[in-house]
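Structure at a glance
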Amino acid sequence: MKHFFQLAALLILSFQFSIFNSHACTNLIVGKAASTDGSVIVSYNADSYGMYGNLYRHVGGTHAQGEMRKIYEWDTNKYLGEIPQAPITYNVVGQMNEHQVSICETTFGGREELVDPKGIIDYGSLIYIGLERSRTAREAIKVMTDLVAKYGYCSEGETFTIADKNEVWVMEMVGKGEGRTGAVWVAIRIPDDCICAHANQSRITRFNMKDKQNVLYAKDVVKFAREKGFFTGKKDADFSFRDAFNPLDFSGIRYCDARAWAFFNRQVDGMDKYLPYINGEDMTLEMPLYMKPKHLLSVQDVKDGMRDHYEGTPLDMQQDLGSGPYNMPYRPSPLSFTVDGKKYYTERPTSTQQTGFSFVGQMRSAYPDAIGGVIWWTNDDANMTAYTPIYCGVSAVPQCYERMEGKQDEMTFSWKSAFWLCNTVSNIVYPYYEKMMPDLQTAQKELETAYQTEQLRVDTEARTLYDESPQRAIAYLTDYSQGAADRMMQRWDVLFRYLVVKHNDMVVKAEENGHFKRTQHGFGAAPKRPGYPERYWREVVKQTGDRYLMK
């Protein structure tokens with residue numbers, strides 16, 4: 001059993017030697033008329049090696065004139081400067097504020113020369129300041145674009161998902177480079193009956209500059225692109241934001257747009273026609289920014305989308321030797337490798353081992369904001385964990401989701417940390433995926449089904465309390481959210497112990513009536529020794545010939 005605990009220790013060491021990278025993330029989007037219950041739904045896998053996924057918390061309030069807000073770069077914690085605090089700020093939990101405004105992102109990088117090293121605002125600060133100061137998605141767009149116009153933007157190209165309980169927008173932004181304060185950007189409203197996805201590749205191409213209700217953009221976005229030589233078309237109407245600032249290449253399609261395709265492929269008929277594009281064979285056959293789904297989507301559909309590894313598609317990661325003997329749909333980083341001077345790539349799916357946290361935001365106009373907004377939260381790879389509900393009106397966040405330097409952080413293991421407990425279980429399961437994953441999925445489904453079943457009861461009770469006293473409703477929702485996180489931690493602790501006992505030393509202990517089987521004398525029954533699956537033994541024989549043939 002000791003090797004399982006050694007694995008946990010090695011896991012910690014692996015993070016100590018990691019390099020913090022810009023987030024390489026995935027966002028999925030569902031308009032309110034495309035969801036089963038009228039919710040606006042968004043999601044966010046925050047993927048970055050070495051990142052400790054903690055649940056952000058800002059306590060809003062009024063601020064005196066002259067009060068300043070310090071800005072620290074999200075990726076590095078580097079101090080960038082300070083700006084005047086807003087007269088009023090709002091409570092924020094994770095990626096959602098008390099008004100059900102939610103902001104997520106994926107980084108597309110784009111043209112490196114457009115980063116402004118002297119800018120004060122980075123993309124992470126832009127998200128959280130936007131949440132602190134906005135009551136609607138449209139207001140958040142104005143807050144965010146005004147901030148970079150005044151203080152400068154020091155990050156690479158970014159795609160933001162900006163939503164509230166009624167609508168959802170995709171905004172793409174790049175800086176203007178050293179010596180030029182501000183940024184150029186375009187924001188497009190996703191139709192209510194459509195779904196959308198983006199994943200580290202700019203996806204806004206041409207846009208209707210006359211549709212003031214559904215399209216917003218920097219006044220100089222085309223002029224700036226012309227000035228830089230990024231766009232030379234005769235008509236402004238032919239301008240494509242993506243082609244100017246993040247031109248397509250094979251990696252942008254296969255590593256990034258393929259993840260958006262995977263989400264559409266689950267929900268939209270006829271997506272096979274885009275496979276020549278996804279395979280890099282026909283780069284003119286590009287996908288639209290948004291599409292109408294073949295059926296209405298639930299929160300669970302979005303959670304499942306965040307767990308995708310291209311299963312059942314030509315990109316399926318469990319169909320080659322890289323998946324190992326137990327069909328693991330993961331590959332170690334980096335995403336490319338060289339053999340005999342030739343460079344190859346591995347797939348980059350939505351679900352990945354380096355996820356720091358995953359979030360599915362549910363925004364509902366049928367309830368008061370404190371009840372309507374639900375943050376479905378998990379640490380680590382969404383495929384390997386269970387999302388727990390945290391209402392946006394809570395007055396405190398579960399301690400297991402907090403970062404406490406020196407106690408539970410990226411360098412400090414703690415069994416009280418959801419990040420570390422979930423990572424420990426995940427890293428036990430990865431190498432034995434086909435054997436152990438059914439056990440994990442049992443626990444995952446058990447929790448998520450229970451939370452979903454409870455939601456109507458919790459919503460109803462909170463609404464009754466809210467009508468009497470909003471403070472009582474908030475206290476109730478805070479207690480419930482804390483309890484939901486506690487239940488996950490308890491269940492995952494049980495799962496960890498169960499996996500250690502059941503699969504110790506690469507065998508499988510027998511079970512009977514929900515318990516490990518014992519002999520009539522009280523000892524553990526003899527375990528099963530399944531060995532490798534037959535398909536893997538066939539590969540061994542193919543490579544070794546008669547070397548191991550019994551004489």
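These numbers come from a predicted model, not from an experiment. (Residues numbered from 1 in each chain as written. Predicted model: local features only at pLDDT ≥ 70, side-chain atom pairs only at ≥ 80, totals over all residues. Heavy atoms only, no water.)

With that settled, the discussion passes to the sheet that holds strand E16 (residues 290–291). As summarised here, the arrangement of the seven strands in space is E16-E14-E1-E2-E19-E20-E21, forming an open sheet in which the pairing is antiparallel. Each edge of the open sheet carries a strand with a single partner, namely E16 and strand E21 (388–391). The pairing of strand E2 (residues 40–47) with strand E19 (residues 355–363) spans eight bridges and is classified as antiparallel. Paired with Val42 across the strands is Gly361, a residue of E19. (Pairing = 2+ DSSP bridges. Helix = DSSP H or I, 4+ residues; strand = E, 2+ residues; numbered from the N terminus.)

Our next topic: the nonpolar core. The biggest cluster of nonpolar side chains holds 147 residues, and the ones touching the most others in it are Phe160, Val221, Phe239, Phe245 and Trp492. Take this core: its biggest share by element is 11 residues, from helix H12 (residues 470–502). Setting aside anything within four residues of it in sequence, one finds Trp492 in contact with Met384, Thr385, Ala386, Leu421, Cys422, Val425, Leu440, Ala443, Gln444 and Leu447. (Core = buried A, V, L, I, M, F, W, Y, C linked by side-chain atoms within 4.5 Å. Buried < 20%, exposed > 50% of the residue type's maximum accessible area, 1.4 Å probe, protein only. Contact = heavy atoms within 4.5 Å.)

Here the focus is the packing of aromatic side chains. Two aromatic rings, taken as a pair, are described by how far apart their centres are and by the angle between their planes. Per the counting criterion, the structure on display carries 30 aromatic pairs. Ring centres 5.8 Å apart and planes at 80° place the aromatic pair Phe230 and Phe245 in the edge-to-face group. One end of the pair, Phe230, is in the loop between helix H4 (221–228) and helix H5 (241–245); the other, Phe245, is in helix H5, with 15 residues separating them in the sequence. With a relative accessible area of 0%, Phe245 lands in the buried category. Members of the aromatic cluster, connected to one another through ring pairs, are Phe207, Tyr217, Phe224, Phe230, Phe231, Phe239, Phe241 and Phe245. Here the guanidinium or amino end of Arg111 rests over the ring plane of Phe230, the centre of that ring lying 3.9 Å away. (Phe/Tyr/Trp six-rings, centres within 6.5 Å; stacked < 30°, edge-to-face > 60°. Lys NZ or Arg CZ within 6 Å of the ring centre and 35° of its normal.)

With respect to the secondary-structure elements, Glu105 resides in strand E10 (residues 102–109). This buried residue, Glu105, is left without a salt bridge; Arg259 holds the nearest opposite charge, at 9.7 Å. (Lys, Arg positive; Asp, Glu negative; His and termini not counted. Salt bridge = Lys/Arg side-chain N within 4 Å of Asp/Glu carboxyl O.)

In this structure, Gly38 sits in the loop between strand E1 (27–30) and E2. Sequence separation between Gly38 and Val184 is 146 residues, and the spatial gap between their C-alpha atoms is 33 Å.

The next thing to look at is the packing of helix H11 (residues 433–468) against H12. In contact at an axis separation of 10 Å, H11 and H12 are set at 170° when each is read in the N-to-C sense. What the angle tells us is that H11 and H12 run roughly antiparallel. (Axes fitted to C-alpha atoms, helices over the stretch in contact; angles between N-to-C directions. Parallel < 35°, antiparallel > 145°, perpendicular 65-115°, else oblique.)

Under the definition given, this model contains zero disulfides. There is no disulfide at Cys104, and the cysteine sulfur nearest it, in Cys25, is 9.6 Å away. (Disulfide = S-S within 2.5 Å.)

End to end, helix H6 (residues 250–267) covers 25 Å across 18 residues, agreeing with the expected 26 Å (1.5 Å per residue, within 8%). Along H6, the sharpest change in direction is near 45° and occurs at Asp257. In terms of burial, H6 is largely enclosed, as 14 of its 18 residues are buried. (Expected span 1.5 Å × (residues − 1). Bend = angle between axes of the 7 residues up to and from the residue.)

So, about the confidence of the model for the chain. When pLDDT is averaged across the chain, the result is 94; 96% of the residues are at 70 or more. Note that pLDDT drops below 50 for residues 1–22; the model gives that stretch 44 contacts with residues more than four away or on any other chain. (pLDDT = per-residue confidence, 0-100.)

What follows concerns the pairing of strand E17 (residues 336–339). Taken together, the four bridges between E17 and strand E18 (residues 342–345) define a ladder with antiparallel strand orientation. Across the sheet, residue Ser336 finds its bridge partner in E18, namely Tyr345. The loop that links E17 with its antiparallel partner E18 comprises two residues; one of these, Asp340, has a positive phi angle of about 55°.

The terminal C-alpha atoms of helix H3 (residues 137–151), which comprises 15 residues, lie 21 Å apart, in line with the 21 Å expected from a rise of 1.5 Å per residue. Residues of H3 that are buried include every one of Ala137, Ala140, Ile141, Val143, Met144, Thr145, Leu147, Val148 and Tyr151, and no others.

This part is about the pattern of salt bridges. By the definition in use, this model includes 36 salt bridges. The shortest N-O distance in the salt bridge between Asp369 and Lys165 comes to 2.8 Å. Of the two residues, Asp369 is situated in helix H9 (residues 369–372) and Lys165 in the loop between strand E11 (157–163) and strand E12 (168–175); the sequence distance between them amounts to 204 residues. For Asp369, a relative accessible area of 18% gives the class buried. A salt bridge links Arg242 to Glu286; the shortest N-O distance between them is 3.0 Å. Here the residue Arg242 occupies a position in helix H5, and Glu286 occupies one in the loop between helix H7 (275–278) and E16, the gap between them amounting to 44 residues. The exposure class of Glu286 is partly exposed, given its relative accessible area of 22%. Connected through salt bridges with shared partners, the residues Arg138, Glu167, Arg189 and Asp192 form a single ionic network.

What follows concerns the environment of Pro332. Within the secondary structure layout, Pro332 lies in the loop between helix H8 (299–305) and E17. Residues Pro332 and Gly373 lie 41 residues apart in sequence; the distance between their C-alpha atoms is 36 Å.

Bringing the pairing of E11 into the picture now. Counting buried positions over the seven residues of E11 gives seven, a clear majority of the element. Bridge count between E11 and E12: six bridges; the pairing is antiparallel. When the sheet's bridge partners are listed, Phe160 is paired in E12 with Met171. The loop that links E11 with its antiparallel partner E12 comprises four residues.

What follows concerns the environment of Arg529. Position of Arg529 among the secondary structure elements: in the loop between strand E23 (515–516) and helix H13 (534–544). Using a relative accessible area of 75% as the deciding quantity, one classes Arg529 as exposed. As a C-alpha pair, Arg529 and Tyr432 span 97 residues in sequence and 14 Å in three-dimensional space.

The next subject is the packing of helix H10 (residues 418–429) against H11. With their axes 8 Å apart at the nearest point, H10 and H11 run at an angle of 140° to one another. Classified by the angle their axes make, H10 and H11 are oblique. For the pair H10 and H11, contact is made by Val425, Ile428 and Val429 and by Tyr433, Met436, Met437 and Leu440, respectively. Residue classes in the contact of H10 with H11 are distributed as seven nonpolar, no polar and no charged. (Nonpolar A, V, L, I, M, F, W, Y, C, P; charged D, E, K, R; others polar.)

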